[in-house]
Amino acid sequence: MHNKFIVLEGLEGAGKTTAKDTIVKILHAHGVSDIVFTREPGGTPLAEELRTLIKQSANVDPPTDKAEVLMLYAARVQLVEKVIKPALDRGAWVLGDRHDLSSQAYQGGGRGIDPRLMASLRDSVLGSFRPDLTLYLDILPQQGLERVGLRGELDRIEQGSLAFFERTRARYLQLVAADNRIKTIDASQSVQQVSESIKTILNEWLSKQDNII
Ligand code: Z5A
């Protein structure tokens, strides 16, 4: 099996959606054409319904922090079991817009849920299943929020305080430093420079993988 699961991570407005096109071009250049795209939370009918519930701001009964994290894991396990693992099993590559690292950073860091509970949830729900490569687009919260603020109305999570996003980024940076399967890209640069950084990192990583197609 030479196909891989690659994930894009980062704060709001870091440029994950924009980076996706760059990654697809690089994979195509390496002869990889069968790529399944996922986003989290979401990606199956049930997970998309959970996404709506998690993100909606006009909610008379907003989830508690623990309810939120359980909803995120319900969506994730549904996506992993129904979409990601079957795609990998048939030989496709999977490119994910967010995965478990988001929960560790937003819920573990931002919301302040006990890291032991977060790690135990991850291990119970996902076992040893992990992305082969994660590209973490690092941006200061203020800059990312300014970028997405231009889009208009903010959802429930986007309405979090600057301190929430600062705690989230701090946890991202801790986790990234501890895992060599995660590569950091300076996302404060121009679109062109971010794209060049992704090319360099991804091409180097791909060159180390055996017989990728
Ligand atoms: N969440 C969570 O809490 N826990 C979890 O476990 C998971 C998720 C899985 C998902 O929202 C929310 O759920 C997210 C985390 C939380 N909430 N927050 N806050 P989403 O899927 O709707 O949003 P997102 O994943 O954060 O995507 P995004 O807001 O669209 O950001 P992005 O994809 O990284 O950025 P983008 O769309 O590529 O770019 C944003 C804008 O910036 C756009 O106008 C671009 O043209 C512009 N841009 C992009 N790159 C640049 C550069 N380099 N320079 C200048 N402008 C740029």
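A quick note: this is a predicted structure, and the numbers were derived from the prediction, not measured. (Residues numbered from 1 in each chain as written. Predicted model: local features only at pLDDT ≥ 70, side-chain atom pairs only at ≥ 80, totals over all residues. Heavy atoms only, no water.)

Undergrad: Can you explain the overall build of the protein chain? Please cite residues and give values.
TA: Within the protein chain, the secondary structure is distributed over eight helices and five strands. Order of helices (α) and strands (β) in the protein chain, N terminus to C terminus: β-α-β-α-α-β-α-α-β-α-α-β-α. A globule of 213 residues ought to have a C-alpha radius of gyration of about 17 Å, and the protein chain, at 17 Å, matches this closely. Summarising its shape, the C-alpha atoms of the protein chain cover approximately 50 × 35 × 30 Å along the three principal directions. By element, 52% of the accessible surface of the protein chain is carried by carbon and sulfur atoms, the whole surface being about 10500 Å². Distance between charge centroids for the protein chain: 2 Å, based on 27 positive and 28 negative side chains. (Helix = DSSP H or I, 4+ residues; strand = E, 2+ residues; numbered from the N terminus. Rg over C-alpha atoms; globule rule 2.2 N^0.38 Å. Areas by Shrake-Rupley, 256 points an atom, 1.4 Å probe, with all protein chains shown as cover. Lys, Arg positive; Asp, Glu negative; His and termini not counted. Charge placed at Lys NZ, Arg CZ, Asp CG, Glu CD.)

Undergrad: Pulling in residues and values, what's your account of the UniProt feature "binding site: ATP" (unreviewed entry) in the protein chain?
TA: Summarizing the sequence annotation, UniProt attributes the feature "binding site: ATP" (unreviewed entry) to Gly 10, Leu 11, Glu 12, Gly 13, Ala 14, Gly 15, Lys 16 and Thr 17 in the numbering used throughout. Residues from the annotated list that form part of the lining of the largest cavity: Lys 16 and Thr 17. Along the chain, the position of Glu 12 falls in the loop between β1 (5–10) and α1 (16–29). Classification of Glu 12 as buried rests on a relative accessible area of 16%. Not counting residues up to four positions away in its chain, the partners in contact with Glu 12 are Arg 98, Tyr 106, Ile 139, Gly 144, Leu 145, Val 148, Arg 151, Glu 158 and Phe 165. By the element assignment, Thr 17 lies in helix α1. Looking at Thr 17, the relative accessible area reads 59%, which means it is exposed. (UniProt positions renumbered as here; feature names shortened; annotations may be inferred. 1 Å grid on protein atoms, 1.4 Å probe; cavity = no way out; pocket = protein on both sides within 12 Å on 5 of 7 lines; lining within 4 Å. Buried < 20%, exposed > 50% of the residue type's maximum accessible area, 1.4 Å probe, protein only. Contact = heavy atoms within 4.5 Å.)

Undergrad: Tell me about the site of the ligand, and please be specific about residues and values.
TA: Around the ligand sit 29 residues in total, of which Glu 12, Thr 17, Thr 18, Lys 55 and Ser 103 are the nearest. Interatomic distance of 3.0 Å between a side-chain N/O atom of Arg 51 and an oxygen atom of the ligand. At 3.4 Å, a backbone N or O of Val 191 approaches a nitrogen atom of the ligand. For the ligand, the accessible surface in isolation is 1100 Å², of which the surrounding protein chains cover 83%. At a threshold of 2 Å from the grid points, most atoms of the ligand map onto the largest pocket. (Near = heavy atom within 4 Å. Polar contact = N/O pair within 3.5 Å; in protein donor to acceptor, adjacent residues only side chain to side chain. Sits in = over half its atoms within 2 Å of the grid points.)

Undergrad: Please provide a residue-by-residue account of the sheet that holds β1, values included.
TA: Strand order across the open sheet formed by five strands is β2-β3-β1-β4-β5, with parallel pairing between neighbours. Of all strands in the sheet, those bounded by a partner on one side alone are β2 (35–39) and β5 (182–186). On average, each strand axis in the sheet is inclined to that of its neighbour by 20°, with strand direction left out of account. Two elements, strand β4 (residues 133–138) and β5, share five bridges in a ladder whose sense is parallel. When the bridges of β5 are listed, Asp 138 appears paired with Asp 186. Where helix α3 (residues 65–89) meets the sheet, its contacts fall on β1, β2 and β3 (93–97), and the angle it forms with β2 comes to roughly 160°. (Pairing = 2+ DSSP bridges. Axes fitted to C-alpha atoms, helices over the stretch in contact; angles between N-to-C directions.)

Undergrad: Tell me what's going on with the packing of helix α4 (residues 100–110) against helix α5 (residues 115–126), and back it up with residues and numbers.
TA: Direction vectors running N to C along α4 and α5 enclose 155°, while the axes themselves pass 10 Å from each other. In terms of orientation, α4 and α5 fall into the roughly antiparallel class. Crossing angle aside, the handedness with which α4 passes α5 is right-handed. Contacts from Asp 100, Ser 103, Gln 104, Gln 107 and Gly 108 in α4 reach Met 118, Ala 119, Arg 122 and Leu 126 in α5. Among the residues forming the contact of α4 with α5, the class breakdown is three nonpolar, four polar and two charged. (Parallel < 35°, antiparallel > 145°, perpendicular 65-115°, else oblique. Left-handed = near helix turned anticlockwise from the far one by under 90°. Nonpolar A, V, L, I, M, F, W, Y, C, P; charged D, E, K, R; others polar.)

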